[in-house]
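The lines below spell out each chain.
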Amino acid sequence: MPSAPTAPTAPGSPTAPTAPTAPTAPGAPSALTAPSAPTTPSAPATSSAPGALTAPGVSGTAGVSGEPGAVGVVGAQVVVVGGGPVGLLVACELAGYGVRTVVVEEREGISARPKATTLHARAVQCLVRRGYLAGVAGGSSAPVATRCAFHFAGMPGLAVCAPALEPPPVLKCEQEQLERHFEARARAAGVVVLRGLRVTGVRQGPDGVQVTARGRQGQVTCTARYAVGADGARSTVRGLAAFACRTYPATVSALAGDVRLAQPGALRPGWHRTATGWIVAKDIPDVPGGVRLRTLDCTGAHRGRHLPPTLEELRAEVARITGRDVPMGQARWLSRFSDFSRITLSYRAGRILLAGDAAHVHFPVGGQGLSAGVLDALNLGWKLALAVRGAAAPGLLDTYDLERRPAAQRVIDNTRAQLALMRPDTGLDPLRTLFGELLARGGGGGENGVLASMVSAQDTVLPPRAADPSPWEGRFLANTELTTAQGRTDVIRLLAAGRPLLLLSDGADSADSARWQAQARPWSGLLRVVRTGADSALPGGAVLVRPDGYVGWAAGAGPLTAALGAYFREGGSWEHGQREPDTTTGTTISTGTGTGTGTGADVGVMAGAGAGVGDAVPGGVR
């Protein structure tokens, strides 16, 4: 059980939080008009309006996190609330497409407190296709199929596999490291990150949104065309925007913490079930006696679930479960959590969208939470960018909810199933024995493979957009080597530019190939067409690949024009999207220290070696 921020544990299903300030449908009273970008993308504009105050921890494109800056009103195209890995990744994606983006975060710095540490296969595969894992250990492709040992409901034997030419299927990376990595990329792309600000209001109208936030020294108002709430399990945005939710009440109580044992080795590492609960222990490197502990009490939810835990409470719980006293010294941190689960009934309310824990929370077994949030961000980013730039087909932004909410529900369901197996009820022993035998078969196939694909999200198939879909539509296109006129490449490198791809094999019928190229011509400002050698392993000889790596169309289905029209506006372009005039006044920003004026137009998020073969991509994407 990886540690997780304490989630609210109030029961009730479904629930709808009250909304003190936020009408959620376009056309609501108190309509707002948010500024759009000029033709050339630039950093979010700010003005020091009368009465503007210095907010601690605020920094802009040239600022340094934690330095104060004079901020009053900030204008952008998208405001992201939440500076964790999901919010920062959404901001990276948007800025990479030239969308002016500002991030508002309550914390004044990145927390060093241990949180999630696991990224599963589909999240890793999507991140590597977007160029985000360069320089991250374990983030490069392997020439052969790889397998990682994992667990299901605390039982060993789960074999999570990845095909050849893909990265290893389980990436261990501290959330703190990932946040720093994403924030550096976001700032390089021109994202303004405002820290030390707590959101107090969210309003929307037919043309935009307004987010107000307050720091120790005053208020900041952000206006934008859209807002994304990625502010965690206790999301302020979710509450203010009155998103209705389905909840699953807490039935267990769990503690977590890093402690120093008085007797090193008193708890051996691993997952340990007793008649009274679970202990999960992991040694902390370079700390004598240091152990990261998790305890699970299945007798019921903790009555004081909102009270901070103490070292004495953790010591007593370990003694209760193990049946012996385990002396402990100092604790570096302690946390309380449960199996409370929640999912919003929609990820979108007008111009406000939710991602990550703001949209869904679950019992943190199997390390699936961070991966689910990453996949939210990578599904939403390109769609929202197209919507902002006026290049999205009608209804495209709504597919974010249609595609990601079922995936989150599946995570909630499988974590609840795992918890059911973990309950120390002797009546469950035959079921645990059966699952143990299935896991012992290993090899990544059969029942083991079904469970591994579910936990790693590699079994995800998206609902088709076409009326006459190909069997390939909605499936993830595995990495494959391709021969082009510019040389050898592969799917990963071609997708690093962030554009949808139309891959055409020279092995396809020449008349069909010519027809597909002609059908794609009205979308040439958005689509990259790549001809590949006859030996390329492409479905039917032609495939449309979305920026997130999923197949949008393949030969043998209905017309290519119908598929393209379902995703993109005909005549749309990354460089010349339809935009409204910029109505922001006073477009200057004063920051504390630092240099540099990079923007989304000049610093592409996807830049780097091996970015693919062929043309450079306009509109700030490299």
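Every value quoted in this text rests on a predicted model; they were computed, and no experiment measured them.

## What about the overall build of the protein chain?
Consideration 1: Counting its regular elements, the protein chain contains twelve helices and 31 strands.
Consideration 2: Sorting the 622 residues of the protein chain into buried and exposed places 59% on the buried side.
Consideration 3: Just so you have it, the protein chain exposes about 22,700 Å², and 55% of that area is on carbon and sulfur atoms.

## Topic: the environment of Glu313
Consideration 1: With respect to the helices and strands, the residue Glu313 is situated in helix α5 (residues 311-322).
Consideration 2: Judged by its relative accessible area of 22%, Glu313 is partly exposed.
Consideration 3: Residues Glu313 and Leu255, 58 residues apart in the sequence, show an inter-C-alpha distance of 8.9 Å.
Consideration 4: Aside from chain neighbours lying at most four places away, what touches Glu313 is Leu255, His302 and Arg336.
Consideration 5: A distance of 2.7 Å separates a polar atom in the side chain of Glu313 from a polar atom in the side chain of Arg336.

## Digging into the pattern of salt bridges
Consideration 1: As enumerated under the stated definition, the model contains 29 salt bridges in all.
Consideration 2: Of the charged contacts in the structure, one is a salt bridge between Glu317 and Arg320, with a shortest N-O distance of 2.9 Å. With Glu317 and Arg320 both in helix α5 and three residues apart, this pair spans about one turn of that helix.
Consideration 3: Overall, Glu317 belongs to the buried group, its relative accessible area being 14%.
Consideration 4: Take Arg320: its relative accessible area is 33%, and that puts it in the partly exposed class.
Consideration 5: Close ionic contact of Arg493 with Asp490 constitutes a salt bridge, the shortest N to O distance being 3.4 Å.
Consideration 6: Accessibility expressed as a relative area gives 13% for Asp490, which makes it buried.

## Here's the deal with helix α9 (residues 446-455)
Consideration 1: Here α9 has its buried residues at Asn448, Gly449, Leu451, Ala452, Met454 and Val455.
Consideration 2: Where α9 is buried, its residues touch β7 (118-120), β8 (146-152), β9 (155-162), α7 (399-422) and α8 (429-440).
Consideration 3: Positioned one or two residues after α9, Ala457 has a phi angle of 65°, which is positive.

## Digging into the packing of aromatic side chains
Consideration 1: Taken as a whole and judged by the stated rule, the model has ten aromatic pairs.
Consideration 2: An angle of 80° between the planes, with centres 6.1 Å apart, marks the rings of Trp271 and Trp278 as edge-to-face.
Consideration 3: Accessibility expressed as a relative area gives 4% for Trp278, which makes it buried.
Consideration 4: Joined through ring pairs, the aromatic side chains of Trp382, Tyr567 and Phe568 make up one cluster.
Consideration 5: The aromatic ring of Tyr226 is capped on one face by Arg351, whose charged end is 4.9 Å from the ring centroid.
Consideration 6: Cation over ring: Arg465 sits above Tyr567, and NZ or CZ is 5.7 Å from the ring centre.

## Examining the state of the cysteines
Consideration 1: Taken as a whole, this structure holds zero disulfides when the rule is applied.
Consideration 2: Free cysteine: Cys148, not disulfide-bonded; nearest cysteine sulfur from Cys161 at 8.6 Å.

## A closer look at the packing of α8 against α9
Consideration 1: Two elements in contact, α8 and α9, have axes whose closest approach is 7 Å; the angle formed by their N-to-C orientations is 95°. As summarised for this structure, α8 and α9 are arranged roughly perpendicular, according to the angle between their axes. From α8, Phe435, Leu438 and Leu439 reach across to α9, where they touch Glu447, Asn448 and Leu451.
Consideration 2: Grouping the constituent residues of the contact of α8 with α9 by class yields four nonpolar, one polar and one charged.

## Structural notes on the side chain of Thr118
Consideration 1: Secondary-structure assignment places Thr118 in strand β7.
Consideration 2: Overall, Thr118 belongs to the buried group, its relative accessible area being 3%.
Consideration 3: A polar contact is formed between the side chain of Thr118 and the side chain of Lys172, at a distance of 2.6 Å.
Consideration 4: Every residue in contact with Thr118, bar those within four places of it in the chain, is listed here: Phe150, Val170, Leu171, Lys172, Cys173, Gly367, Leu370 and Ser371.

## Some words on the nonpolar core
Consideration 1: Formed by 109 residues in total, the largest nonpolar core has its most connected members in Leu384 and Trp553.
Consideration 2: Looking at this core, the element that brings in the most residues is helix α6 (residues 369-388), giving twelve residues.
Consideration 3: Ignoring sequence-local partners within four residues, the contact set of Trp553 consists of Leu502, Trp516, Ala542, Val543, Leu544, Gly558, Pro559, Leu560 and Ala563.
Consideration 4: Residues Leu158, Ala254, Ala256 and Leu421 belong to the second largest nonpolar core, which totals 27 residues.

## Here's the deal with the side chain of Gln368
Consideration 1: Residue position: Gln368 is located in the loop between β25 (360-361) and α6.
Consideration 2: At 3.5 Å, the side chain of Gln368 and the backbone oxygen of Val365 are in polar contact.
Consideration 3: With near-sequence residues (within four places) excluded, Gln368 lies in contact with His120, His362, Val411, Asn414, Thr415, Gln418, Met454 and Val455.

## Description of the packing of helix α1 (residues 85-96) against helix α3 (residues 175-188)
Consideration 1: Closest axis-to-axis distance for the α1/α3 pair is 9 Å, and the angle between their directions is 25°. In terms of axis orientation, α1 runs roughly parallel to α3. Note that α1 runs across α3; the crossing there is left-handed. Between α1 and α3, the residues in contact are Pro85, Leu88, Leu89 and Cys92 and Gln175, Glu179, Phe182, Glu183, Arg185 and Ala186, respectively.
Consideration 2: The class makeup of the residues in the contact of α1 with α3 is six nonpolar, one polar and three charged.

## What to know about the sheet that holds strand β16 (residues 245-248)
Consideration 1: Taken together, three strands build an open sheet; the order of strands is β16-β22-β25 and the sheet is antiparallel. Every other strand in the sheet has two partners, leaving β16 and β25 as the edge strands with one partner each.
Consideration 2: Sheet analysis places β16 next to strand β22 (residues 341-344), joined by four bridges and oriented antiparallel. For Arg246, the partnering residue across the bridge sits in β22 and is Ile343.
Consideration 3: Where α7 meets the sheet, its contacts fall on β16, β22 and β25, and the angle it forms with β22 comes to roughly 165°.

## Overview of the sheet that holds strand β5 (residues 78-81)
Strand pairs in the sheet, formed through backbone hydrogen bonds, run parallel or antiparallel to each other.
Consideration 1: On the basis of which strands lie adjacent, the open sheet formed by six strands has the order β11-β6-β5-β15-β24-β23 and mixed pairing. Of all the strands in the sheet, the pair left with one neighbour each is β11 (192-195) and β23 (348-349).
Consideration 2: When β23 meets strand β24 (residues 352-354), the two strands line up antiparallel, connected through two bridges. Looking at the pairing, Ala349 lines up with Ile352 of β24.

Reading the values: rules and limits
Residues numbered from 1 in each chain as written. Predicted model: local features only at pLDDT ≥ 70, side-chain atom pairs only at ≥ 80, totals over all residues. Heavy atoms only, no water. Helix = DSSP H or I, 4+ residues; strand = E, 2+ residues; numbered from the N terminus. Buried < 20%, exposed > 50% of the residue type's maximum accessible area, 1.4 Å probe, protein only. Areas by Shrake-Rupley, 256 points an atom, 1.4 Å probe, with all protein chains shown as cover. Contact = heavy atoms within 4.5 Å. Polar contact = N/O pair within 3.5 Å; in protein donor to acceptor, adjacent residues only side chain to side chain. Salt bridge = Lys/Arg side-chain N within 4 Å of Asp/Glu carboxyl O. Phe/Tyr/Trp six-rings, centres within 6.5 Å; stacked < 30°, edge-to-face > 60°. Lys NZ or Arg CZ within 6 Å of the ring centre and 35° of its normal. Disulfide = S-S within 2.5 Å. Axes fitted to C-alpha atoms, helices over the stretch in contact; angles between N-to-C directions. Parallel < 35°, antiparallel > 145°, perpendicular 65-115°, else oblique. Nonpolar A, V, L, I, M, F, W, Y, C, P; charged D, E, K, R; others polar. Core = buried A, V, L, I, M, F, W, Y, C linked by side-chain atoms within 4.5 Å. Left-handed = near helix turned anticlockwise from the far one by under 90°. Pairing = 2+ DSSP bridges.

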